[in-house]
Amino acid sequence: MSLETVLSRIDQDLPAAIERLLELLRIPSISTDPAYRNDCQTAADWLVSDLQSIGIESEKRQTPGHPMVVGHIDGPGPHILFYGHYDVQPVDPLDLWDRDPFDPALEDVDGHKVIRGRGSSDDKGQLMTFVEACRAWKSVHGSLPCKITFFFEGEEESGSPSLIPFMKENAEELKSDVALICDTGLFGDSTPTIVTMLRGLLGEDFTITGPDRDLHSGMYGGIAMNPIRVLTRILADLHDDTGRVTLPGFYDGVEELPEDVLAQWQGLNFDHAAFLGEVGLKEPAGEQDRMPIEMIWSRPTCDVNGIWGGYTGAGFKTVLPSQASAKVSFRLVGKQDPDAIRKSFRDYVESRLPEEFSIEYRTEKGSPASQMSIDNPAFEKARRALSDEWPHPAAYVGCGGSIPIAGYFKDILGTDAMLIGFGKDDDQIHSPNEKYDLSSFHHGVRSWARILDALAKQG
Ligand SMILES: [Zn+2]
């Protein structure tokens, strides 16, 4: 009963909620450009006073970069930490926008309404879905069902330099039973998702050296070993004919999907032909005994990202180069250990080098995958609550890229994070004409009300 009242309040209040979002969108809080430093402060101030207007104790907290906004409100249920970011991407090229990116408006696109403007989807519109749900709840009941900490960042689009130090310094204040991150999207148009696995990343950048100078192939070709020949053989043998990575121990720590998650993924009916067709491809190139969706979300990968050596200019030079180089990266899953894989990779490469060759590495730090423990009952409560709001049941999904914040919550605060968002693939985030579906926004607000209700319930 009480949830229904909140949901109808959300419906009635939608026009006012849109006006508030438009106000926030008018502040050009581009975090990467120093010219907008004051605007980032203004956006943080706006959020502080908006939270205060709901009765949430909140303040702007300065950092060496742009400020954080932190708010607290007490409630009977579990302690929830909500994260979003108020900074936005730059807007150039400006001439590709159909309107001023910071003069946002409701537009009609093919019969449905969208909110157009920089930050409408990433992430101001998403952030406000949660704030609006809290506002409606508070105005109906006078209080909130859970204890909530609001945590808004202003540097997400510029590498989050202050985030880790701030979280470490304020870990006690930010610790919670579960964290909610709203910066992701739906699957397709209307399947809500909870991202529970994020792949890690490991890169190796290296150069092998054979002869101590570039040689002429007329004189040395045939007798001298060419480093490019050695390198390409090494790289080619990183995968076998079935798409598996051949490094010894590479699959150590890679886990099979739980059966219910596997069933959810099958139910998504991922159209790999359409997905690949959009970029001019046809056949999935990963492990051939896996579903294409697993290749993106839950299986580890190895990719050669760059390869160079010898003469690459116009015309021809019959050089036999002294050196050859490559950049290789790995997306990691489950409990794969970046250090162990780096060692295995190096052992493999070095075992294939002729004895007189040498190798030099330019190394970057690797990061392991993040995997949330979905046996925390909050996950299933949230999944069911989302399923009640949308036409399709919600799914636990993976994310091929990395969203570092989820890992930080786990490592620094010891808190599992649920990544739940209502963006769509065609929102054009980071691009001209960014937009947010009005119905995504509306159902997003309603979803959070349902999730708060579900999380507050015992058992
Ligand atoms: Zn974002």
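Everything discussed here concerns the structure shown above.
A quick note: this is a predicted structure, and the numbers were derived from the prediction, not measured. Throughout this document, residue positions are counted from 1 along each chain, in the order its sequence is written. Confidence filtering applies because this is a predicted model: local features only for residues at pLDDT of at least 70, side-chain atom pairs given and counted only at 80 or more, and all residues used for totals across whole chains, interfaces and linings. Remark: hydrogens and water are excluded; side-chain values derive from all non-hydrogen atoms of the structure.

Undergrad: A description of the layout of surface pockets should follow, citing residues and the corresponding values.
TA: Reported here for the largest pocket is a volume of approximately 1100 Å³. Taken together, 38 residues make up the lining of the largest pocket; nearest its centre are G185, L186, F187, W297 and D425. Each helix corresponds to a stretch of at least 4 residues labelled H or I by DSSP, and each strand to a stretch of at least 2 residues labelled E; elements are numbered beginning at the N terminus. Counting residues per element, the ones that place at least two in the lining of the largest pocket are β8 (193–198), α9 (272–277), α10 (292–297) and β16 (395–399). Looking at side-chain class alone, the lining of the largest pocket contains 15 nonpolar, 14 polar and 9 charged residues. Buriedness of a pocket was judged along seven lines, with at least five required to meet protein on both sides within 12 Å; pockets are open sets of points on a 1 Å grid over the protein atoms alone, cavities are sets where a 1.4 Å probe fits but cannot get out, and lining residues have an atom within 4 Å of a point. Grid points are joined across faces, edges and corners, and a volume is the space filled by probe spheres set on the points. Approximately 580 Å³ is the volume attributed to the second largest pocket. Together, 26 residues line the second largest pocket, and A285, G286, M295, T301 and D303 are the ones closest to its centre. Elements with a minimum of two residues in the lining of the second largest pocket: α9, α10, β11 (301–309) and β13 (323–332). Charged means Asp, Glu, Lys or Arg here, nonpolar means Ala, Val, Leu, Ile, Met, Phe, Trp, Tyr, Cys or Pro, and polar covers whatever is left, Gly included. A per-class count over the lining of the second largest pocket returns 14 nonpolar, 6 polar and 6 charged.

Undergrad: Residues and numbers for the nonpolar core, please.
TA: Among buried residues, the Ala, Val, Leu, Ile, Met, Phe, Trp, Tyr and Cys ones that are joined through side-chain atoms within 4.5 Å form a nonpolar core. To sort residues, take the accessible area from a 1.4 Å probe on protein chains only and compare it with the maximum for the residue type: under 20% means buried, over 50% means exposed, and anything in between is partly exposed. Among the nonpolar cores identified, the biggest contains 100 residues, and F151, F152, F409, F441 and W448 are the most heavily contacted of them. With 11 residues, the single largest contributor to this core is helix α1 (residues 2–25). Counting residues in hydrophobic clusters, the runner-up holds 27 residues, among them L235, Y251, F330 and F357.

Undergrad: Which residues make up the pattern of salt bridges, and what are the values?
TA: Whenever a carboxyl oxygen of Asp or Glu lies within 4 Å of a side-chain nitrogen of Lys or Arg, that contact is scored as a salt bridge. Taken as a whole and judged by the stated rule, the model has 33 salt bridges. The salt bridge involving K410 is made with D416; its shortest N-O contact spans 2.7 Å. With relative accessibility at 31%, the residue K410 sits in the partly exposed group. Take D416: its relative accessible area is 11%, and that puts it in the buried class. In this structure, a network of salt bridges that share partners links the residues D13, R20, D50, E132 and R135.

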